Amino acid sequence: MCEAPRLRCDAVDAAAAAADVDVVTTRGRRRIPAHSNVLATASPVLGSILERRLQKDRESGKKAGRPVVRIRGVTDDAAAAFVRLLYAGRCGDGEEDDMEKHAVQVLVLAHAYQVPWLKRACEGAIGARLTADSVVDVLQLADLCDAPRLHLRCTRLLAKEFAAVERTEAWRFLQENDPWQELQVLQRLHEADMRRRKWRRKRAEQRVYVELSEAMDCLDHICTEGCTEVGPAGRAPAPAPCARYATTCRGLQLLIRHFSQCHRKSCARCQRMWQLLRLHSALCDRPDRCNTPLCMRFKQKEQEKAAVKAGDDGDKWGLLVKKVKAARVFSSLANRKQMSSTSQC
């Protein structure tokens, strides 16, 4: 039972004896034996430092002792954790304790010594423990260490919990001592809010295009096959409602019935129906065989306008037609994919 510790100590002593460089922490309180090839492979900065030290020793003729690499500005334990992580080459289960205790200082070292994988791991470890109390300090750290992933997580938390962040001591200290940093933070929040509003506006526009695409499909269905209240000329309406009856088809049928009976020129509902008929004509690729009313007439009018001149209204209308076309294509592809997955199940 006493052999295992002795063997383990012998292995540690052998590894220390084989080391050819010493990592010295702040004020020289701790010397960590290491291998120059491991350090140089893990970090190009450490490799450059070691190469200069070895060249300096060769030029001076110094042979006694091992070269020294000094890691300053962090605690001894953080420096030792940094060396252990360089040897591990990853952040697995065995390195969780080092990341939990020294992630902030190791991030600074990973940035200074250019170790990208360790820098990303530290960003993830710090971001996972981010709170409203620490986000201001971590944001400054992310700026100093050029950590974009951590910076993004800080910005998201600031936007989400800014009311709580404003009550923290760190934010009050920032307001009193660094108004320029405060202005930058507020500007980032404003930009994030503008991007969010723009995204919401685009989503709302996309929903409108999808609804218009569904309305075009329903209009074609009503004028070709008929539905419960409206059908093509010479045919009775269908006895059973279609799949889109409750969402789109019923409202469109009511609009068609109103359009056929109303004679007011300034009727808003009739103008909406005129626009739907015009949009259908712009999207229709078979106007000579189309059952939708006024399809060929609108097609000829659009061709005459295009032949004369395309103004601002024509540009906007053409953009609307393109957007609805794209929405119809995407909707068709999504339906095909859904039907394919359903058939496979």
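Preceding this paragraph is the structure being described.
One structure accompanies this document, and this report is about it. Here the structure is a predicted model, which is why all the values come from computation and not from measurement.

1. Overview of the overall build of the chain
Within the chain, the secondary structure is distributed over 15 helices and three strands. Put simply, the chain has 345 residues, and 35% of those count as buried. Roughly 22400 Å² of accessible area belongs to the chain as shown, and the carbon and sulfur atoms make up 53% of that amount.

2. Things to note about the packing of aromatic side chains
Within this structure, the stated rule accounts for four aromatic pairs. Note on Phe259 and Trp274: the rings are 5.3 Å apart at their centroids and 85° apart in plane angle, and the pair reads as edge-to-face. Highlighted residues: Phe259 in helix 12 (residues 245-261) and Trp274 in helix 13 (residues 268-283), separated in sequence by 15 residues. Both rings, one in Trp274 and one in Phe298, keep their centres 5.9 Å apart while their planes meet at 75°; by these two values the pair is edge-to-face. With Trp274 in helix 13 and Phe298 in helix 14 (residues 295-308), this residue pair connects regions lying 24 residues apart in the sequence. Note on Trp274: relative accessible area 37%, which makes it partly exposed. Overall, Phe298 belongs to the buried group, its relative accessible area being 12%. Here the aromatic cluster, defined as three or more aromatic residues joined through ring pairs, consists of Phe259, Trp274 and Phe298.

3. As for a positive patch on the surface
On the surface, Arg52, Arg53, Lys56, Arg70 and Arg72 cluster together to form a positively charged patch. The biggest single contributor to the positive patch is helix 3 (residues 44-60), with three residues. Along the polypeptide, Lys56 turns up in helix 3. A residue is classified by how much of its surface remains accessible, and Lys56, at 59% relative accessible area, is exposed.

4. Details of the nonpolar core
Ile71, Phe82 and Leu118 are the most contacted members of the largest nonpolar core, which has 52 residues in total. Take this core: its biggest share by element is seven residues, from helix 4 (residues 76-88). Residue contacts for Ile71: discarding those within four places in its chain leaves Val23, Val24, Thr25, Thr26, Ala79, Phe82, Val83, Leu109 and Tyr113. Listed in part, the 24 residues of the second largest apolar core include Tyr209, Met216, Met273 and Leu283.

5. Brief notes about the pattern of salt bridges
Taken as a whole and assessed by the stated rule, the structure comprises eight salt bridges. Close ionic contact of Asp22 with Arg31 constitutes a salt bridge, the shortest N to O distance being 3.2 Å. Residue Asp22 is classed as buried on the basis of its relative accessible area, which comes to 7%. Measuring nitrogen to oxygen at the nearest pair gives 3.2 Å for the salt bridge that ties Asp193 to Arg196. Of this pair, Asp193 and Arg196 both sit in helix 11 (residues 179-224), separated by three residues, roughly a single helical turn. For Asp193, a relative accessible area of 23% translates into the label partly exposed. What makes Arg196 partly exposed here is its relative accessible area of 32%. Each of the salt bridges in this network shares a partner with another, and the network as a whole consists of Asp193, Arg196 and Arg197.

6. What about the pairing of strand 2 (residues 31-34)?
The side-chain alternation of strand 2 yields one buried face, formed by Ile32 and Ala34, and one unburied face, formed by Arg31 and Pro33. Two strands pair when backbone bridges link them, and strand 1 (residues 21-24) and strand 2 are joined in this way by four bridges, in the antiparallel orientation. Bridging across to strand 2, Asp22 finds its partner in Pro33.

7. What about the packing of helix 11 against helix 12?
Contact pair helix 11 / helix 12: the axes reach a minimum separation of 10 Å and the direction vectors enclose 65°. The crossing of helix 11 and helix 12 is right-handed. Packed against helix 11, whose contacting residues are Glu214, Ala215, Cys218, Leu219, His221 and Ile222, the element helix 12 presents Thr248, Cys249, Leu252, Gln253 and Ile256 at the interface. Grouping the constituent residues of the contact of helix 11 with helix 12 by class yields seven nonpolar, three polar and one charged.

8. Re unusual backbone geometry
Phi at Asp146 is positive, roughly 50°, even though this residue is not glycine. Tracing the sequence through the fold places Asp146 in the loop between helix 7 (135-144) and helix 8 (148-160). The backbone of Leu294 sits at a positive phi, close to 65°, despite the residue not being glycine. Structurally, the position occupied by Leu294 is in the loop between helix 13 and helix 14.

9. Focus: the environment of Val104
As for its position among the elements, Val104 is in helix 5 (residues 96-112). When its relative accessible area of 43% is taken as the criterion, Val104 is described as partly exposed. Considered as a pair, Val104 and Lys119 are 15 residues apart in the sequence and their alpha carbons are 10.0 Å apart. Discounting chain neighbours no more than four positions away, the residues touching Val104 are Ile126 and Leu141.

Definitions and cut-offs
Residues numbered from 1 in each chain as written. Predicted model: local features only at pLDDT ≥ 70, side-chain atom pairs only at ≥ 80, totals over all residues. Heavy atoms only, no water. Helix = DSSP H or I, 4+ residues; strand = E, 2+ residues; numbered from the N terminus. Buried < 20%, exposed > 50% of the residue type's maximum accessible area, 1.4 Å probe, protein only. Areas by Shrake-Rupley, 256 points an atom, 1.4 Å probe, with all protein chains shown as cover. Phe/Tyr/Trp six-rings, centres within 6.5 Å; stacked < 30°, edge-to-face > 60°. Patch = residues over 30% accessible without salt bridge, like charges linked within 9 Å, V, L, I, M, F, W, Y side chains within 5 Å. Salt bridge = Lys/Arg side-chain N within 4 Å of Asp/Glu carboxyl O. Lys, Arg positive; Asp, Glu negative; His and termini not counted. Charge placed at Lys NZ, Arg CZ, Asp CG, Glu CD. Core = buried A, V, L, I, M, F, W, Y, C linked by side-chain atoms within 4.5 Å. Contact = heavy atoms within 4.5 Å. Pairing = 2+ DSSP bridges. Axes fitted to C-alpha atoms, helices over the stretch in contact; angles between N-to-C directions. Left-handed = near helix turned anticlockwise from the far one by under 90°. Nonpolar A, V, L, I, M, F, W, Y, C, P; charged D, E, K, R; others polar.

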